[in-house]
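Letter by letter, the chains look like this.
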Amino acid sequence: MPYDPHAIEARFQQRWRESRLFATSEKPGSPKFYCLEMFMYPSGKIHMGHVRNYAIGDVVARFHRMRGENVLHPMGFDAFGLPAENAAIKGQSHPKVWTDSNIATMKQQLDRLGLMYDWGREVHTCEPDYYRWNQWFFLKMLERGLAYKAKRTVNWCPGCATVLANEQVENGACWRCQSAVTLKEMEQWFLRITGYAQELLNDLDSLTEWPPEVVAMQRNWIGRSEGAYVEFAVEGAPHRIRVFTTRLDTIYGATYVVLAPEHPLVDAITAPDRRAEVDAFRTKMRAQSTHDRSTSKEKLGVFTGARAVNPFSGERVPIYIANFVLMDYGTGAIMSVPAHDQRDFEFAKAYGLPVRVVVQPGGLDEAALAQASTEDGLLVDSGPYTGLPNREAMAKMGADAKVRGFGEPTVTFRIKDWGISRQRYWGTPIPVVYCDACGTVPVPESQLPVELPYDAPLTGKGESPLARLPSFVQVPCPKCGAPGRRETDTMDTFVDSSWYFFRYCSAREESAAFDRGAAEYWTPVDFYIGGIEHATMHLIYCRFFTMALRDMGLIPFGEPVRRLMCQGMVIKDGAKMSKSLGNTVDPDAMIARYGADAVRLNILFLAPPWDQLDWKESGAEGAARFLNRVYALVEDNAAEVSGETAAPGSGEALALRRRTHQTVKRVTGELDQRLKINTAIAGLMELVNAQQAFLATYGRTPEERFALKESLEALVRLLSPFAPHAADALWELLGRDGFLADGPWPSYDPLIAREQTVTLPVQVNGKLRDQITVPADAPDETVLATAMASGVVQAHLAGKIPVKKFVVKGRIVNLVVKE
RNA sequence: GCCGGAGUGGCGGAGCUGGUAGACGCUGGGGACUUAAAAUCCCCUGGCCGCAAGGCCGCGUGGGUUCGAGUCCCACCUCCGGCACCA
């Protein structure tokens with residue numbers, strides 16, 4: 001019977017389901033392995049990127065399970081979010097209906113791939129039994145001061161009609177819809193991720209099994225910067241302007257001060273005759289998108305008419321507002337030292353402000369300065385600090401500022417608090433009530449969940465749909481009972497995904513977000529796979545959440561993920577697969593054509609997991625061909641090898657055994673350490689080639705029959721993580737019972753795997769000239785003698801005696817002669 | 001601009017801590033089987049010279065270290081990704 005992937009796949013998927021093969025539970029005392037792939041957004045249908053991500057995860061999960069570890073391998077749905085709401089606005093269907101139907105479709109597609117998921121732990125973040133715990137965490141954070149409400153200038157996406165967190169803005173555009181993001185002043189809920197900035201940074205060093213590029217991206221994102229705060233008094237006014245600088249040593253060279261246009265002191269200090277110009281500038285800036293503001297590098301600003309007093313020198317300098325100073329970094333105000341900062345230099349040149357060198361590296365000519373100098377040197381014109389090396393002066397000046405009460409050394413971070421308010425419907429309601437008498441009142445835990453009402457007017461116009469539902473808004477104050485108003489914004493969906501991996505540990509738990517014992521058994525996640533696009537979004541949020549949960553006493557550690565792998569993109573014809581380009585490949589069609597095992601094998605074989613992968617249909621054909629060959633090979637020889645018992649073997653039989661044991665070693669190593677799944681599969685192909693070659697000289701001696709049996713059995717087991725249906729079917733053909741997922745993983749005998757003879761290249765002066773075959777354990781002298789005995793080698797030596805001889809055991813011989 | 005990563009046949013990719021460059025697969029060519037085709041199987045498939053044996057050249061470019069470099073060092077080019085007026 002020829003290999004029929006569809007019949008086999010349907011049959012085994014059913015048998016796995018019926019025997020509840022993939023259900024997992026805690027087994028105290030046995031080693032666990034938590035294998036996780038980033039859960040799915042239920043967008044409609046799965047694409048090749050999903051197939052790749054989940055196929056990789058499945059190989060790892062199955063491998064560890066076969067090795068006898070207790071593997072947790074769950075899947076769920078990141079089910080809140082804008083697309084569902086947008087679909088509803090287009091009149092398609094209710095977000096819940098849309099989401100549920102997409103989940104049903106995608107689950108079916110996943111099952112068709114034969115993925116080893118424990119669906120008993122499935123989570124849907126849009127269900128109250130999940131999001132109530134978002135609300136619960138929010139309340140806990142509120143208690144601990146980790147959640148707070150503030151009026152801030154925030155990123156507004158006109159396309160999505162909602163606020164975005166900093167992490168969700170890419171080059172001034174919305175990460176989801178690419179609209180240009182604008183700034184808007186709004187009251188927002190924030191999570192104090194900055195409170196963990198230092199720890200998030202420190203811990204990066206311990207994430208040795210994360211891709212270094214992700215670690216680097218997070219380090220950049222956190223953006224630690226050491227410097228100092230210094231206060232400049234405003235001349236003739238009671239105000240003080242606090243600036244942040246990393247170059248306190250240059251303060252005697254400060255020739256002006258700049259505030260961000262949105263700085264709260266601008267109004268108060270602006271001179272009457274400058275007001276019109278200042279207001280006009282501020283209006284212009286406000287209208288600009290963040291993107292426009294940062295892409296145009298032109299320095300623009302206006303003088304406020306006020307002057308600031310340099311606390312060190314007492315000098316009076318003009319105060320400007322300018323486009324290059326940002327309200328949300330540092331203090332929103334800077335001292336400008338044009339001689340030693342390029343931006344300050346450009347602004348000074350444009351506005352005719354003085355440039356004064358205060359750090360002299362030697363030979364710097366103030367009058368001829370064409371750009372700012374950032375070199376170290378000795379301070380000049382710097383009062384009592386004149387003559388000091390600038391680095392030394394910086395420390396001294398920081399300490400002095402502190403003593404004198406107008407500044408102090410400090411550290412700032414680029415990372416901002418995480419704004420989680422979203423003016424949309426399809427998300428977790430923020431569990432807060434506003435009361436005229438009591439102010440902002442948290443909803444008591446006993447009243448959770450605050451359920452998302454089913455019907456809400458969805459307009460996509462940028463105000464919270466919930467605000468237009470009196471039945472939702474109007475609620476008695478939980479504290480005093482007087483009429484109150486509910487918060488009508490919902491949470492960023494990245495809150496949902498920040499802790500879902502804990503929920504999987506006890507997904508049906510009703511009395512807590514997760515069962516502590518279960519979480520302590522399973523977490524942290526041992527192996528996590530997902531796209532690198534989450535490097536500074538989900539992957540930083542979930543680290544923050546884990547630290548916060550630890551500080552709440554819910555778990556005993558702060559880092560959620562031991563080993564992280566970012567799978568590469570799947571592209572076709574040199575471009576990312578996307579609907580708009582029309583170059584998508586439908587996984588269902590591929591499965592219908594070649595079978596799930598061939599699709600899995602192909603996508604795994606084409607490139608290392610982390611590399612970009614160029615999808616080629618011809619590869620799927622190759623994979624199907626390989627499975628066909630294996631099937632025929634096993635089927636033809638199943639009867640032949642049944643019942644054979646161990647025989648040591650010699651000659652060809654031993655050679656096959658060696659190949660078998662070498663392959664087990666190689667594939668095990670790849671899956672355990674390097675995860676070069678593509679070369680693991682190549683190893684299996686080589687083994688099949690060797691088996692077929694062996695059959696050409698097969699003489700049916702008992703030892704040959706045993707070697708073949710051993711080899712075929714190992715092959716089928718090794719194949720199981722990659723092509724699980726085919727492998728189980730082959731196992732059955734071999735007359736064996738049970739499912740391969742239950743293991744064991746084959747072991748190898750190093751003595752059998754060891755080569756007895758080796759073929760060594762012989763070089764003369766570094767050029768390959770001949771090959772010799774010697775026993776693997778031959779001493780160097782023997783190897784050398786054999787090499788020298790070669791006629792080809794002798795010819796190249798041309799009668800000369802080698803001046804140097806290199807013998808690298810098992811590798812190479814190189815003979816060096818003088819020309 | 002700064003920080004990462006990568007440049008190897010017609011293609012995807014192998015090549016572990018420096019040691020036979022091109023494993024494995026795809027494509028292409030030739031052959032077997034077949035009335036024929038598909039499927040399958042066998043052989044060849046980096047370039048150049050040569051009847052052959054064999055030789056020379058080849059891992060983005062140019063240098064260097066080394067008995068020996070795809071791998072290490074220096075400079076440069078190209079591509080991809082991230083951050084980007086961060087004070």
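Look up: the structure comes first, before these words.
Quantities reported herein were computed from a predicted structural model and do not represent experimental measurements.

## A short note on the nonpolar core
Consideration 1: Ranked by size, the top nonpolar core spans 186 residues in total, and within it Trp418, Phe545 and Phe722 carry the most contacts.
Consideration 2: No other element matches the 11 residues that helix α20 (residues 617–641) contributes to this core.
Consideration 3: Dropping the residues within four chain positions of it, Phe722 is found in contact with Val59, Asp597, Arg600, Leu601, Leu604, Leu671, Ile677, Ala680, Ile681 and Leu684.
Consideration 4: Formed by 38 residues, the second largest nonpolar core is a distinct cluster that contains Leu248, Leu265, Val278 and Met394.

## A closer look at the protein's contact with RNA strand B
Consideration 1: Taken together, 51 residues sit near RNA strand B, with Thr246, Lys299, Arg343, Arg811 and Asn814 positioned nearest.
Consideration 2: Counting only the atoms of RNA strand B that lie within 4 Å of the protein, the sugar and phosphate share comes to 62%.
Consideration 3: In this structure, Thr245 approaches RNA strand B through a side-chain N or O atom, which is 3.3 Å from a sugar or linking oxygen.
Consideration 4: Backbone polar atom of Phe324 to a sugar or linking oxygen of RNA strand B: 3.0 Å apart, as the coordinates give it.
Consideration 5: The element best represented in the surface near RNA strand B is helix α22 (residues 677–696), accounting for 6 residues.
Consideration 6: Taken together, the residues that form the surface near RNA strand B break down as 17 nonpolar, 17 polar and 17 charged.

## Some details on the packing of aromatic side chains
Any two aromatic rings considered together are summarised by their centre-to-centre distance and by the angle between their planes.
Consideration 1: Counted under the stated rule, the structure contains 42 aromatic pairs.
Consideration 2: Taking 6.1 Å as the distance between ring centres and 85° as the angle between the ring planes, the aromatic pair formed by Phe544 and Phe545 counts as edge-to-face.
Consideration 3: Taking the relative accessible area as the measure of exposure, Phe545 reaches 2% and is therefore buried.
Consideration 4: Aromatic ring contacts, followed pair by pair, group Tyr130, Trp133, Trp136, Phe137, Tyr196, Trp418, Phe494, Trp499, Tyr541, Phe544 and Phe545 into a single cluster.
Consideration 5: The ring of Tyr229 is capped by Arg242, whose NZ or CZ atom sits 3.8 Å from the centre of that ring.
Consideration 6: Across the ring face of Phe324, the terminal group of Lys299 is positioned such that the distance to the ring centre comes to 5.8 Å.

## A look at the pairing of strand β12 (residues 316–322)
On a regular strand, one side chain projects to one face of the sheet and the next to the other, so that they alternate.
Consideration 1: Of all 7 residues making up β12, 6 are buried, and the element is well covered by its neighbours.
Consideration 2: Here 3 bridges tie strand β10 (residues 256–259) to β12, and the two strands are oriented parallel to one another. For Leu259, the partnering residue across the bridge sits in β12 and is Ile321.
Consideration 3: Where strand β11 (residues 301–309) and β12 come together, 6 bridges link them in antiparallel fashion.

## As for the packing of helix α23 (residues 702–719) against helix α24 (residues 724–733)
Consideration 1: Viewed as axis vectors pointing N to C, α23 and α24 meet at an angle of 155°, and their least axial separation amounts to 8 Å. If you check the angle between α23 and α24, you find them roughly antiparallel. Read as a crossing pair, α23 and α24 show a hand that is left-handed. Of α24, the residues touching α23 (which contributes Glu713, Val716, Arg717 and Leu719) are Ala727, Leu730 and Trp731.
Consideration 2: Looking at the contact of α23 with α24 residue by residue, the classes come out as 5 nonpolar, no polar and 2 charged.

Definitions and limits used
Residues numbered from 1 in each chain as written. Chains lettered and ligands numbered in written order. Predicted model: local features only at pLDDT ≥ 70, side-chain atom pairs only at ≥ 80, totals over all residues. Heavy atoms only, no water. Core = buried A, V, L, I, M, F, W, Y, C linked by side-chain atoms within 4.5 Å. Buried < 20%, exposed > 50% of the residue type's maximum accessible area, 1.4 Å probe, protein only. Helix = DSSP H or I, 4+ residues; strand = E, 2+ residues; numbered from the N terminus. Contact = heavy atoms within 4.5 Å. Near = heavy atom within 4 Å. Polar contact = N/O pair within 3.5 Å; in protein donor to acceptor, adjacent residues only side chain to side chain. Nonpolar A, V, L, I, M, F, W, Y, C, P; charged D, E, K, R; others polar. Phe/Tyr/Trp six-rings, centres within 6.5 Å; stacked < 30°, edge-to-face > 60°. Lys NZ or Arg CZ within 6 Å of the ring centre and 35° of its normal. Pairing = 2+ DSSP bridges. Axes fitted to C-alpha atoms, helices over the stretch in contact; angles between N-to-C directions. Parallel < 35°, antiparallel > 145°, perpendicular 65-115°, else oblique. Left-handed = near helix turned anticlockwise from the far one by under 90°.

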